[in-house]
Amino acid sequence: MTSRADIDVRPITESEFAGWQRALNIGFLREPTLSEEILDTRRAQFTPGRSVGAFDDGRCVATFRSFAQELTAVGGATVPADAVTNVTVTATHRRRGLLTRMMAQDLAAAKERGDVVATLIAAEYPIYGRYGFGPATTATEWTVDVPRAGLDPRRAGPEDGGRVDLVDAEDVRKLGPELHERLRRTQPGAVSRDELWWKVTTGAVRFHPTFQEPYYAVYRSPGGEVEGMAAYTTDDHWGDSKQPLNTARVKWLTAVTPAAERALWLYLCSIDWVTRVKSGWRAPDDLLPHLLPDPRAAAVTAQADWLWVRMLDVVRALEARTYGAAGSLVLEVTDRAGLAGGRYRLEASADGAGVCAPTTGSADLTLDVAELSVLWLGDESAVRLAALGRVREERAGAARQADALLRTSRRPWCPDVF
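Within each chain, residues carry numbers counting from 1 in the order of the written sequence. In keeping with the model being predicted, local features are shown solely for residues with a pLDDT of at least 70 and side-chain atom pairs are shown and tallied solely at 80 or more, while totals for entire chains, interfaces and linings include all residues. Excluding hydrogens and water, the side-chain values take into account all heavy atoms of the structure.

*Asks:* When you look at the sheet that holds strand β14 (residues 307-311) in this model, what are you seeing that I'm missing?
*Replies:* The strands making up a sheet associate through backbone hydrogen bonding, with each pair oriented either parallel or antiparallel. Each pair of strands is called paired provided DSSP finds at least two bridges between the two strands. Only runs of H or I of at least four residues qualify as helices and only runs of E of at least two qualify as strands under DSSP, and these elements are numbered from the N terminus. If you walk across this open sheet you meet the seven strands as β1-β2-β3-β4-β5-β14-β6, and the pairing is mixed. Both edges of this open sheet fall to β1 (8-11) and β6 (134-135), since each of them pairs with a single strand only. Only heavy atoms enter the contact rule, under which two residues are in contact if any of them lie within 4.5 Å. A fitted line through C-alpha atoms serves as each axis, taken over the contacting stretch for helices, and the angle formed by two N-to-C directions is quoted from 0 to 180°. On the sheet, helix α1 (residues 17-27) packs against β2 (51-56), β3 (59-72) and β4 (78-89) and is oriented at approximately 85 degrees with respect to β3.

*Asks:* I tried to follow helix α8 (residues 369-376) on my own but got confused; where do I start?
*Replies:* Working note: α-helix, 3.6 residues per turn, so residues spaced by three or four point in the same direction. Burial within α8 is extensive, with eight of its eight residues counted as buried. Its side-chain oxygen at 2.9 Å from the backbone nitrogen of Ala370, Asp368 defines the N-terminal cap of α8. Between buried and exposed lies partly exposed: a residue is buried under 20% and exposed over 50% of the maximum accessible area for its type, with that area taken using a 1.4 Å probe on protein chains only. Polar contacts, as used here, are pairs of N or O atoms within 3.5 Å; protein pairs need one atom able to donate a hydrogen and one able to accept it. Residues neighboring in sequence count only if both atoms are side-chain atoms.

*Asks:* Where do I start with the side chain of Ser66 in this structure?
*Replies:* One can find Ser66 in strand β3. A distance of 3.2 Å separates polar atoms of two side chains, one belonging to Ser66 and the other to Asp82. In this structure, Ser66 is in contact with Arg50, Asp82, Ala83, Val84 and Asp106, ignoring residues within four places of it in sequence.

*Asks:* Whenever I open this one, the layout of surface pockets confuses me. Can you help?
*Replies:* Sizing a probe to match a water molecule and rolling it over the atoms shows the empty space that remains. A pocket here means an open set of points on a 1 Å grid, computed over the protein atoms alone, that has protein on both sides within 12 Å along at least five of seven lines. A cavity is instead a set of points where a 1.4 Å probe fits but cannot get out; residues with an atom within 4 Å of a point line either one. Grid points are joined across faces, edges and corners, and a volume is the space filled by probe spheres set on the points. Within this model, the second largest pocket holds a volume of roughly 480 Å³. When residues of the lining of the second largest pocket are traced back to their parent elements, those giving at least two are α4 (169-184), β11 (246-255) and α6 (258-268). Among the elements that line the lining of the second largest pocket, the one with the most residues is β11, at three residues. Partitioning the lining of the second largest pocket into residue classes produces nine nonpolar, six polar and seven charged. Gly is placed with the polar residues, together with every amino acid not listed as nonpolar (Ala, Val, Leu, Ile, Met, Phe, Trp, Tyr, Cys and Pro) or charged (Asp, Glu, Lys and Arg).

*Asks:* What should I look at first to understand the packing of aromatic side chains in this one?
*Replies:* Centre distance and the angle of the planes are the two values used to describe a pair of aromatic rings. A pair of Phe, Tyr and Trp rings is counted when the ring centres sit within 6.5 Å of each other, with Trp represented by its six-membered ring. The angle between the planes then sorts it: under 30 degrees is stacked, over 60 is edge-to-face, the rest tilted. Here the structure, examined in full by the defined rule, presents twelve aromatic pairs. Taking 5.9 Å as the distance between ring centres and 25 degrees as the angle between the ring planes, the aromatic pair formed by Phe17 and Trp20 counts as stacked. Placement of both Phe17 and Trp20 in helix α1 is noted, with a separation of three residues, approximately one turn of the helix. By relative accessible area, Phe17 is classed as buried at 3%.

*Asks:* Is there a simple way to think about the environment of Val300 in this case?
*Replies:* Checked against the element boundaries, Val300 lands in strand β13 (residues 298-305). Taking the C-alpha atoms as reference points, Val300 and Gln105, 195 residues apart in sequence, are found 39 Å from one another. The residues contacting Val300, other than those within four sequence positions of it, are Thr140, Glu141 and Trp142.

*Asks:* Would you explain the pattern of salt bridges in this entry?
*Replies:* Pairing between side chains becomes possible if they bear opposite charge and their charged atoms approach one another. By salt bridge we mean one thing: a side-chain nitrogen of Lys or Arg within 4 Å of a carboxyl oxygen of Asp or Glu. Under the definition given, this model contains 29 salt bridges. The salt bridge involving Glu141 is made with Lys278; its shortest N-O contact spans 3.8 Å. Of this pair, Glu141 sits in strand β7 (residues 138-145) while Lys278 is found in strand β12 (residues 274-278), placing the two residues 137 residues apart along the sequence. Judged by relative accessible area, which is 16%, Glu141 ranks as buried. By relative accessible area, which is 15% here, Lys278 ends up buried. Between Arg185 and Glu181 there is a salt bridge; the shortest N-O distance is 3.6 Å. For Arg185, a relative accessible area of 40% translates into the label partly exposed. Each of Arg50, Asp82, Arg113 and Asp115 takes part in a single network of salt bridges with overlapping partners.

*Asks:* Which parts of the structure should I look at to understand the nonpolar core?
*Replies:* Considering soluble globular proteins, one finds that nonpolar side chains tend to be buried as a cluster. Each nonpolar core is a collection of buried residues, namely Ala, Val, Leu, Ile, Met, Phe, Trp, Tyr and Cys, held together in the definition by side-chain atoms within 4.5 Å. Membership of the largest hydrophobic core comes to 45 residues, with the highest contact counts inside it found for Leu71, Val117, Met311, Leu318 and Trp376. Val117 has contacts with Leu71, Val79, Pro80, Ala81, Asp82, Val309, Arg310, Met311, Leu312 and Trp376, leaving out every residue within four places of it along the chain. Residues Val146, Trp265, Val274 and Leu291 belong to the second largest nonpolar core, which totals 28 residues.

*Asks:* Can you walk me through unusual backbone geometry in this structure?
*Replies:* Positive phi, close to 55 degrees, is recorded for Asp57, a residue that is not glycine. Here Asn86, not a glycine, exhibits a phi torsion of approximately 55 degrees, which is positive. As for its position among the elements, Asn86 is in strand β4. Classification of Asn86 as buried rests on a relative accessible area of 15%.

Below, the structure written as structure tokens:
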């Protein structure tokens, strides 16, 4: 067995990309070899210095990649984020500290660049807490039993004067980016999408050997403004009595007004031959069930942690968001990596603005940077974390005060996977 010291962890060169990609596929239990065409398209994601590999005798045995991202904080401001993805360790090289070394290099570089947080979508729950990440948003999938929903089968479209139209991929690439920008400026937990994202999601760039072209539906308001868009696919399943039993699967649905959200969900539930609609990953407090006459027709079929956040700059993170009440709180933040630990005083004013600075004053709450990262987006309760032993009250009532300051009326949500 090669010693840990003999395994080289470093950014890859462009000439090493094919071997790195093979190791990535092996780590995710995918077919190891990609066609030259697919490999060439994936090179679009290569950024010098941000794709890292671990090499044992010249062979890549672990992968790690990060890229620039913006994350929306509570209140609508965005912060620069270090988005972590493509993390694998080959089965032959587990438990040798390779991920720890790759993560340490990346987070140190992110801190040096001035990123406020790091983000990721965790394939497995137990891995990332030890690096200071915490699950800051949750995602839920519903399956709608359309015949039980109670909808009027004679319904022909939106009743508000708006309209739903089917469009093609080129329209999505033109209309989608601006619509998503409107959404993410108001949705805590949402992240930025670059031009490549839109090309991949519409099939203009193929990262995988197979691509099923979705249908694209757009909602326009009575004034003609695009306020919502959905991408979905359908199967072709019929029962023994020649009855249609097709399922529509939503890949993504973006709506910036309740009218758009209502119109798109009701459209999806009115497609001929479709008897089930799978919502895809949505916010846990999504309006979908209660847009139906019978909310029980929308059953929760999956729910899990989604976006994980790791603070790198406590002061900038706490000053970027808004607050639900006026108040002062002193936080003792522990961070085993030494990136964001310290004692900080947060002062929130009645207008929602916050000021944060290091302090020597007595702490009100003691918590790990992972727990503060979870609380930052407003979904989790400090009282709940205190009951779990993950936050310690140094002053009676401090956890309840933290909830009054930090929690949000609507839950944060990240529409993306990366």
